[in-house]
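Take a look at the letters that make up each chain.
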Amino acid sequence: MVGTANNGRMRHAFSVVNGEQEGGLNSAPPSNAGSEYGGFEFTREDVYALLCERMKYKNKFNYKERCENMMDYIKRLRLCIKWFQELEGSYLFEQEKLQNALDFAESRCAEMDLIVKNKEEELNLIIVELRKSLASLQEKLSKEESEKLAAMDSLAREKEARLTVEKSQASLSEELGKIQGELQNANQRITSVSDMYKLLQEYNSSLQLYNSKLQTDLDTAHENVKRGEKEKAAIVENLSTLGGQYMSLQDQFNSCKASVNDAAKQKDALVKEVASVRAELQQVREDRDQLQLQVQTLTAEVVNCEELVIKSNELKERCVSQSNQLKTLQDQLDAAQNKLRVSDLSAFEAKTEFEEQKKLICELQNRLEDAELKIVEGETLRKKLHNTILELKGNIRVFCRVRPLLPEDSPGADGKDVSYPTTTEALGRGIDLTQNGQKYSFTFDKVFMPDSTQEDVFVEISQLVQSALDGYKVCIFAYGQTGSGKTYTMMGKPGNLEQKGLIPRSLEQIFQTRQSLQSQGWKYEMQVSMLEIYNETIRDLLSTKDSSRTEYGSNGKQYTIKHDANGNTHVSDLTVVDVCSSREVSFLLDQASHSRSVGKTQMNEQSSRSHFVFTLRISGVNENTEQQVQGVLNLIDLAGSERLSKSGSTGDRLRETQAINKSLSSLSDVIFSLAKKEDHVPFRNSKLTYLLQPCLGGDSKTLMFVNISPDHSSLGESLCSLRFASRVNACEIGIPRRQANMRSFDSRLSLG
């Protein structure tokens, strides 16, 4: 089974960022390839360089360049923060994995302790019995020795009857030989018992060593958890550092605003300085006019008074110097005016850029709000279109899956009896079966060939599973002969992430989608129940009480099936568990799998001897729109049909086979009645059909997986399964109804 359905390349995990190399954390969940930022990855050096980066500018007054650099820097910081968030998600995943391993190790340790105690009790009983046997033999030996002494005394007293005494002595000698032989046998038995006791002591010591090894593994797991917590603390500290860096960037932006205000203040100061310079210039001009008047007066006086020539020359020199000063002041005035124009232009450009950046920010915020609104509307439209497509495809859809050939299949099997047409119309939907030279063709909604992976199968049903969150009743069940791969399709192989089945993958998608819908105001509550139908008897697989089997199931309860007016199915006294995560449901699935009835036949080593029904009830409320939805997800693993001539069932297996075939025959009768649109449909003929009545004849979205084996010896059963699936595919039931705007659930689960 494969992991998450997200596509994307792998990134380094926590150990790479912290400069460590740990084998258990060498990869993280893949990034979203279709996200806003695309694929990305960071190392510790990249993060450090990003935090220590200082912005450089060609021109400190070019605010546009500074804003662009700042936006780019903020974008990279967001990338780094998103990367750290995904690393934290991978840490939670690894922590969950380690916790599962810890629980498994603890359960294994408890089982080993129980086995050791049982072995010790058995050994103590054997030793007690051997001691009793030894005491009886010793008593018998002492008795025989006393009889021998009595015979010897009688021989001494009766010397006259020597012949009679000799005969008696011979007989006593024979009895003594027998007794000695028995004594020797007893000694041998005592020796063998002692050897056995030593072997058991050695076995006990090996069990203790294994127990200590398990304890060591447990301590190692605890250390890994602690190390993970330290890494989480380091990541939180890094996130706080990034927050501080973001605040410093905000301060820089505020300083830019302050610099713009300072430029405006400098402009005002320059305006005031220009005004003062102009006043001084006016004063100089007035002085110049006065001096010119004085020069005219002196010139008139020079004609009359030659004595004043020297004074006139001095006044001329003074006038020339003042003219030079006037030119200098004029140059300063021109320079100040040029500087003022440049300052006005720079301030105007800065103000223009600031206004543009402000408009751009407002525009981006509006676009972000529009995008979020479009996302919500798009999700609503997607749900509506998806449900419309499923209704157009038919309410009962049928997928066919062919399992690969196995080593234990009949010798010479090559899988050529099953073929797949390659025409455009039948590609991926058609399957041909050849038996005794005759070819039978079938067409379904989807056909999975033997090389199809568990992920390929789940991708086709993922949108149907999503409908349960949208408020629809969904039912998916697997049908086929024993050994055709039904349980593998639904449950997968335990402990192998790549081969997880539809049930665990569906639960992972449900909880992931629930998390993503929280941003839209949705809150969901979920409940789980699991049962099996064994020999037409309902058994509660989640019951915490004594699981002893009786005529009416576990604990002597007689479970009854009831349908209400809304088409919901209730099972009385069934255990219902509230769940909040896929990990909790996985634990319940493990508990149910250990309680489920399985048996060995000639066709399958681990044959399911009962019909397994997993039910997830979903209640959702949107806090923004006050909308309520109720959905039900039923995932069913039917027991396999089999022929007694091939399975070789006897005793309990025979009774189980008869009950299974009877219930599947009732299912066939129901399908035939639905296909013919008869007025009466015999749902009550078996517990299975009565339980599935809302899925087969109501308003539920139903999908059937027909599993077949390509083995040549199974062609007959495969042909029967494909014919039955074709009839199912031809059935028409009611239109699915979305359960919305209704009051909240009651506390009891139903099968929908």
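Reading the values: the criteria
- Residues numbered from 1 in each chain as written.
- Predicted model: local features only at pLDDT ≥ 70, side-chain atom pairs only at ≥ 80, totals over all residues.
- Heavy atoms only, no water.
- Helix = DSSP H or I, 4+ residues; strand = E, 2+ residues; numbered from the N terminus.
- Buried < 20%, exposed > 50% of the residue type's maximum accessible area, 1.4 Å probe, protein only.
- Areas by Shrake-Rupley, 256 points an atom, 1.4 Å probe, with all protein chains shown as cover.
- Salt bridge = Lys/Arg side-chain N within 4 Å of Asp/Glu carboxyl O.
- Core = buried A, V, L, I, M, F, W, Y, C linked by side-chain atoms within 4.5 Å.
- UniProt positions renumbered as here; feature names shortened; annotations may be inferred.
- Contact = heavy atoms within 4.5 Å.
- Pairing = 2+ DSSP bridges.
- Axes fitted to C-alpha atoms, helices over the stretch in contact; angles between N-to-C directions.
- Polar contact = N/O pair within 3.5 Å; in protein donor to acceptor, adjacent residues only side chain to side chain.
- Expected span 1.5 Å × (residues − 1).
- Parallel < 35°, antiparallel > 145°, perpendicular 65-115°, else oblique.
- Left-handed = near helix turned anticlockwise from the far one by under 90°.
- Nonpolar A, V, L, I, M, F, W, Y, C, P; charged D, E, K, R; others polar.
- Phe/Tyr/Trp six-rings, centres within 6.5 Å; stacked < 30°, edge-to-face > 60°.
- Lys NZ or Arg CZ within 6 Å of the ring centre and 35° of its normal.

### So, the overall build of the protein
The number of helices and strands found in the protein is 14 helices and 19 strands. The buried share of the protein, taken over its 752 residues, is 36%. Per element, the accessible surface of the protein, about 43,700 Å² overall, is 52% carbon and sulfur.

### Observations regarding the pattern of salt bridges
As enumerated under the stated definition, the model contains six salt bridges in all. A salt bridge links aspartate 432 to lysine 439; the nearest nitrogen and oxygen atoms lie 3.3 Å apart. Judged by relative accessible area, aspartate 432 falls into the buried class, the value being 7%. On the basis of relative accessibility, which here comes to 52%, the residue lysine 439 falls in the exposed class.

### Re the nonpolar core
Counting 49 residues, the largest nonpolar core has Cys400, Ile431, Phe444, Leu696 and Met704 as its most contacted members. Listed in part, the 40 residues of the second largest apolar core include Phe448, Met490, Ala592 and Leu635.

### Considerations on the UniProt feature "binding site: ATP" (unreviewed entry) in the protein
Feature annotation in UniProt places "binding site: ATP" (unreviewed entry) on Gly480, Gln481, Thr482, Gly483, Ser484, Gly485, Lys486 and Thr487, given in this structure's numbering. Glycine 480 sits in the buried class, given a relative accessible area of 1%. Once residues lying within four places of it in the same chain are set aside, the contact partners of glycine 480 are Lys486, Ala639, Gly640, Ser641, Asn707 and Ser721. Structurally, lysine 486 can be placed in helix H7 (residues 486-490). Sequence-distant contacts of lysine 486, defined by excluding residues within four places in its chain, comprise Ala478, Tyr479, Gly480, Gln481, Asp637, Leu638, Ala639, Gly640 and Asn707.

### Observations regarding the sheet that holds strand E3 (residues 430-435)
A sheet is described by the order of its strands in space; here three strands give the open sequence E2-E3-E4, paired in antiparallel fashion. With partners counted over all chains shown, the strands left at the sheet margins are strand E2 (418-419) and strand E4 (438-443), one partner each. Of the strand pairs in this sheet, E3 and E4 are connected by six bridges, and their pairing is antiparallel. Each residue of the ladder has a partner; that of glutamine 435, found in E4, is glutamine 438. Against the sheet, helix H14 (residues 715-729) engages E3 and E4, with an angle of about 145 degrees to E3.

### Focus: unusual backbone geometry
Although it is not a glycine, asparagine 535 adopts a positive phi angle of roughly 55 degrees. Mapping asparagine 535 onto the fold places it in the loop between strand E7 (522-534) and strand E8 (537-540). For asparagine 535, a relative accessible area of 31% translates into the label partly exposed. Unlike most non-glycine residues, glutamate 626 shows phi in positive territory, near 60 degrees.

### Section: the side chain of aspartate 540
Within the element layout of this structure, aspartate 540 appears in strand E8. Given the relative accessible area of 5%, aspartate 540 is considered buried. A polar side-chain atom of aspartate 540 sits 3.1 Å from the main-chain amide nitrogen of leucine 542. Within polar-contact distance, the side chain of aspartate 540 engages the side chain of threonine 575 at 2.4 Å.

### Things to note about H14
Taking 1.5 Å of rise per residue, 15 residues should cover 21 Å, and H14 covers 21 Å from first to last C-alpha, within 8% of that figure. Among the residues making up H14, those that are buried are Leu715, Glu717, Ser718, Leu719, Ser721, Leu722, Phe724, Ala725 and Val728.

### Re the packing of helix H8 (residues 502-516) against helix H9 (residues 582-595)
Where H8 contacts H9, the axes come no closer than 9 Å and their chain directions differ by 160 degrees. Judged on the interaxial angle alone, H9 and H8 are roughly antiparallel. Relative to H9, H8 is oriented so that their crossing is right-handed. Residue-level contacts link Ile503, Leu507, Glu508 and Phe511 of H8 to Ser582, Val585 and Leu589 of H9. Looking at the contact of H8 with H9 residue by residue, the class counts come to five nonpolar, one polar and one charged.

### Re the packing of aromatic side chains
Tallied over the full model, the rule gives seven aromatic pairs. Considering the side-chain rings of phenylalanine 399 and phenylalanine 448, the 5.8 Å spacing of their centres and the 70 degrees angle between planes classify their relative orientation as edge-to-face. Highlighted residues: phenylalanine 399 in strand E1 (residues 396-402) and phenylalanine 448 in strand E5 (residues 446-448), separated in sequence by 49 residues. Accessibility classification places phenylalanine 399 together with phenylalanine 448 in one group, the buried group. Geometrically, the ring pair formed by phenylalanine 442 and phenylalanine 444 is stacked, given 6.4 Å between the ring centres and 10 degrees between the ring planes. The ring of tyrosine 472 has lysine 701 lying over it, and the distance from NZ or CZ to the ring centre is 4.0 Å.

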